[in-house]
Amino acid sequence: METLNQLAHGFSVAFTPVNLMWCLVGTTLGTAIGVLPGLGPALTIALLLPITYQVAPEASFILFAGIYYGAMYGGSTTSILLNTPGESATIVTALEGNRMARSGRGGAALATSAIGSFVAGTLGTLGVAFLAPVVVKFALAFGPAEYFSLMVLAFITVSAVLGSSSVRGLTSLFIGFVIGMIGVDLQTGQPRFTFGMNELLDGVDVIIVAVGLFAVGETLYMASRRYAGKDEIVPLKGSLYMTAAEWGRSWKAWLRGAAIGFPIGAMPAGGAEIPTFLSYAIEKKLSKHKEEFGTVGAIEGVAGPEAANNASAAGVLVPMLTLGLPTSATAAIMLSAFQSYGINPGPLLLTTQANLVWGLIASLFIANVILVILNLPLIGLWVRLLKIPAPQLYAGILVFATVGTYGISQSPTDLVILYLLGAAGFLMRRFDFPTAPVIIGMILGPLAETQFRRAMTISNGDWSVFYKHPLSLTLLTLAFIGLVGPHIWAYIEHRRRRGPEHVPGDA
Amino acid sequence: MSISDPQAPRSRLAVPELLIGIGLLACAAAVAWQTLAIPVSPLYSKVGPTVFPYITMTGMVILSLLLIVAALRGGWQPEEEKETSTDWKAMGFVVAGLVANLLLIRPLGFTAASVIMFVLICHGFGSRHPLRDALLGLILALAAYFGFARALGVNIGAGFIENELNTVINAIISTLRG
């Protein structure tokens, strides 16, 4: 009951004209950057971070959340019409959605993905509203040791369990740690990793890292691959309205997708890929139209994964708001926006910043309504955005990247760091290193270090504090299983199948 | 990249991946060097500012060794990436655009530097209309300067184009005020 009261209060915050305007700006911008290949919510929110110095926290978080949700909607449009998944979470949508578009049912694919996103996004947001207070009750019992162990678990799942290789994922994470440690150590005032440069005393801004990896790295990568061939836009054909049969095949997939996506997103592991792939597999198994999968495109194969994607995006907000634990690059950048306001997300956030949290949650409901309107009747507008030619698109992205970076302190040093990170981002793309763990490592690494040192100070330097507390031990054990388990499993499977032969590239 | 023979068995040494592994090892060495440079007060010796850097360094050493082993076993670059040959010319123009921006942003100001970067990057991506691109770049840079940067309250300095425009704008405002 209390949740409903809080939510009602949240709506009174979100329904002020100014906040509605921010929500509209965020969702529109979010859809646009979701549609445009090469731009994502993490990069966009990073570029907009300076706005936190200008407006109230409620306004900027409503804007950021609108971008976050909007990018999910827009990304599926690109996946369906262009077959270039803008984000890893929409890979599965491209599988069936693009086939549907090619067989003349693009309208229905867009409709089921937008309505499915709305249904799952709304259910997921309800999930946030009701689950967050429960997690808070649980989290209040956490001490520094538990927090540290929870962060270790998140580090492992984000970098090692998800993605194609745990070694490469962890490498990205550790690079993030190093970047995060640059600057003055807040507890002792000692400069670290500054190489004697005064410019580095304040640390490296997350804007530079996000822009370097996502904008400069991506542009270099796209330039290097001009020989790879282009995807063509499938012209939008067919009615946007789904037939009764298509509704009948979609709604169960939406609900199943939401049921899979939200819990996985809400776990301190995060990641939208696993729920979308899971949902796809389930829909394929349950479908009465299996022959459509992989041929003309099955509507369930779009409806389920799209719903799972949006529900898990909502789920990611639970650990972010209640534990201060970001599990995606976008969430990590939002966490740095909290830090820029001097707000520490954690169990106390829901009580100390009730206006902010409940206003944000309420605005997510409103964002979903705006987004389904933006993405169905106005779909033609977004399709036109897809026609922006690549040269001008990427050149334009770098102009904005310059504003975002050079604007921090008008220092050419920042541009040098930006380009170095861009080169690193290019190599990471080329050699299949995930980039999100870098951002998560640089934001969450220093927080983990703080909790670690706090725990060690309380225990007087006794390391046993991490394994003598049962909860902390459980979390560390889970992290260890997450790190080692898949390898042991793969080894056993491998032995059983083919004998002791070497598998190439299993790093 | 350098390995273009598709028939090559995957068990041979992969040079680019080996370089990445060695590069990471070098980063770990830099981390060690910088960690040793952190002065530690004896008061903090148990949980001082160097504990986490040392943990990070250890992790990086282990990871770089694992990467080097993987490189010796044939590397991990996805086949699809290996098969696509790198368009060095396109990348060269993008890099030239970035370097030009870095060198010119101080002397010429943001807008002029951005236009030059814009044209070079468009050229790299295959556009063959430098004048049209320059005009587009100018419009976009001005929009970024007067819209985006002002809205965010970000100061990106002013070069001659911005100064001229500011003078014009101020003149118009003062004439309008009479």
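Conventions and cut-offs
- Residues numbered from 1 in each chain as written.
- Chains lettered and ligands numbered in written order.
- Predicted model: local features only at pLDDT ≥ 70, side-chain atom pairs only at ≥ 80, totals over all residues.
- Helix = DSSP H or I, 4+ residues; strand = E, 2+ residues; numbered from the N terminus.
- Rg over C-alpha atoms; globule rule 2.2 N^0.38 Å.
- Buried ≥ 20, exposed ≤ 12 C-beta atoms within 10 Å, placed from the backbone.
- Contact = placed C-beta atoms within 7 Å.
- Axes fitted to C-alpha atoms, helices over the stretch in contact; angles between N-to-C directions.
- Parallel < 35°, antiparallel > 145°, perpendicular 65-115°, else oblique.
- Nonpolar A, V, L, I, M, F, W, Y, C, P; charged D, E, K, R; others polar.
- Domains from an automatic or database assignment.

## Description of the overall build of chain A
No. 1: The helix and strand tally for chain A stands at 22 helices and two strands.
No. 2: Over its C-alpha atoms chain A spans a radius of gyration of 22 Å, differing by no more than 12% from the 23 Å that the globule rule assigns to 507 residues.
No. 3: Each principal axis of the C-alpha distribution contributes one length, and for chain A these read about 65 × 65 × 55 Å.
No. 4: Relative to its 507 residues, chain A shows a buried fraction of 62%.
No. 5: Sequence-distant contacts in chain A: of pairs separated by 6 or more residues, those separated by 24 or more amount to 81%.

## Quick notes on the packing of helix α4 (residues 88-108) of chain B against helix α5 (residues 110-124) of chain B
Residue and element names in this part refer to chain B.
No. 1: Relative orientation of the contacting elements α4 and α5 amounts to 175 degrees, with a least axis distance of 8 Å. Judged by the inter-axis angle, α4 sits roughly antiparallel to α5. Between α4 and α5, the contacting residues are Ala90, Phe93, Val94, Ala96, Gly97, Leu98, Ala100, Asn101, Leu104, Ile105 and Leu108 on the first element and Phe110, Ala112, Ala113, Ser114, Ile116, Met117, Leu120, Ile121, His123 and Gly124 on the second.
No. 2: For the contact of α4 with α5, a count of residues per class yields 16 nonpolar, five polar and no charged.

## Remarks on the interface of chain A and chain B
No. 1: With 59 residues of chain A in contact, the opposing surface of chain B contributes 66 residues.
No. 2: Those elements that provide at least two residues to the side of chain A that touches chain B are α8 (166-181), α9 (206-224), α18 (390-409), α19 (412-430) and α20 (436-458) of chain A.
No. 3: If you tally residues by element for the side of chain A that touches chain B, the top one is α18(A), at 13 residues.
No. 4: Residues of the side of chain A that touches chain B, tallied by class, amount to 35 nonpolar, 16 polar and eight charged.

## Describing unusual backbone geometry
All names here are of chain A.
No. 1: Here Phe193, not a glycine, exhibits a phi torsion of approximately 55 degrees, which is positive.
No. 2: Within the secondary structure, Phe193 is located in the loop between β2 (191-192) and α9.
No. 3: On the basis of neighbour count, Phe193 is assigned to the buried category, with 24 C-beta atoms found within 10 Å.
No. 4: Of note in this structure, Gln410 is not a glycine but carries a positive phi near 50 degrees.
No. 5: If you trace the backbone, Gln410 turns up in the loop between α18 and α19.

## A look at the domain arrangement of chain B
No. 1: Under the domain assignment, chain B is made up of domain 1 (15-83) and domain 2 (88-177).
No. 2: Here the C-alpha centre of domain 2 of chain B lies 39 Å away from the C-alpha centre of domain 1 of chain B.

## A word on the environment of Arg430(A)
No. 1: Within the element layout of this structure, Arg430(A) appears in helix α19.
No. 2: Residue Arg430(A) is classed as buried on the basis of its 22 C-beta neighbours within 10 Å.
No. 3: C-alpha of Arg430(A) to C-alpha of Gly217(A): the two residues are 213 residues apart in sequence and 10.0 Å apart in space.
No. 4: Aside from chain neighbours lying at most four places away, what touches Arg430(A) is Tyr221(A) and Glu81(B).

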